[in-house]
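Notes for the structure review
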Amino acid sequence: MKNCPKCKRKLKRVFYGEPTDEMAIESLENEVIIGNFCQSTYNYYCEYCDEFFQF
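Note that this is a predicted model, so its numbers are computed, not measured. (Residues numbered from 1 in each chain as written. Predicted model: local features only at pLDDT ≥ 70, side-chain atom pairs only at ≥ 80, totals over all residues. Heavy atoms only, no water.)

Looking along a regular strand, one sees side chains alternate from face to face of the sheet. Burial of the side chains of strand S1 (residues 12–15) is restricted to one face: Lys12 and Val14 are buried, whereas none of Arg13 and Phe15 on the reverse face is. Two strands pair when backbone bridges link them, and S1 and strand S3 (residues 44–46) are joined in this way by two bridges, in the antiparallel orientation. Paired with lysine 12 across the bridge in S3 is tyrosine 45. In the sheet, S1 pairs with strand S2 (residues 32–34) via three bridges, with the strands oriented parallel. Residue pairing for S2: valine 14 is matched across the bridge by isoleucine 33. (Buried < 20%, exposed > 50% of the residue type's maximum accessible area, 1.4 Å probe, protein only. Helix = DSSP H or I, 4+ residues; strand = E, 2+ residues; numbered from the N terminus. Pairing = 2+ DSSP bridges.)

Shown next, in the form of structure tokens:
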């Protein structure tokens, strides 16, 4: 898993598009964030810094 370049805490993956059942479960377990149907270049999110990152 990737770490935030600012605070060094664990980043959450961001998923764009229609989620599968597995993705929905991961979202409930706080392992992934489900975005919307619009694609974005950002694929990770830090909940502490409230910022998105691209890796």
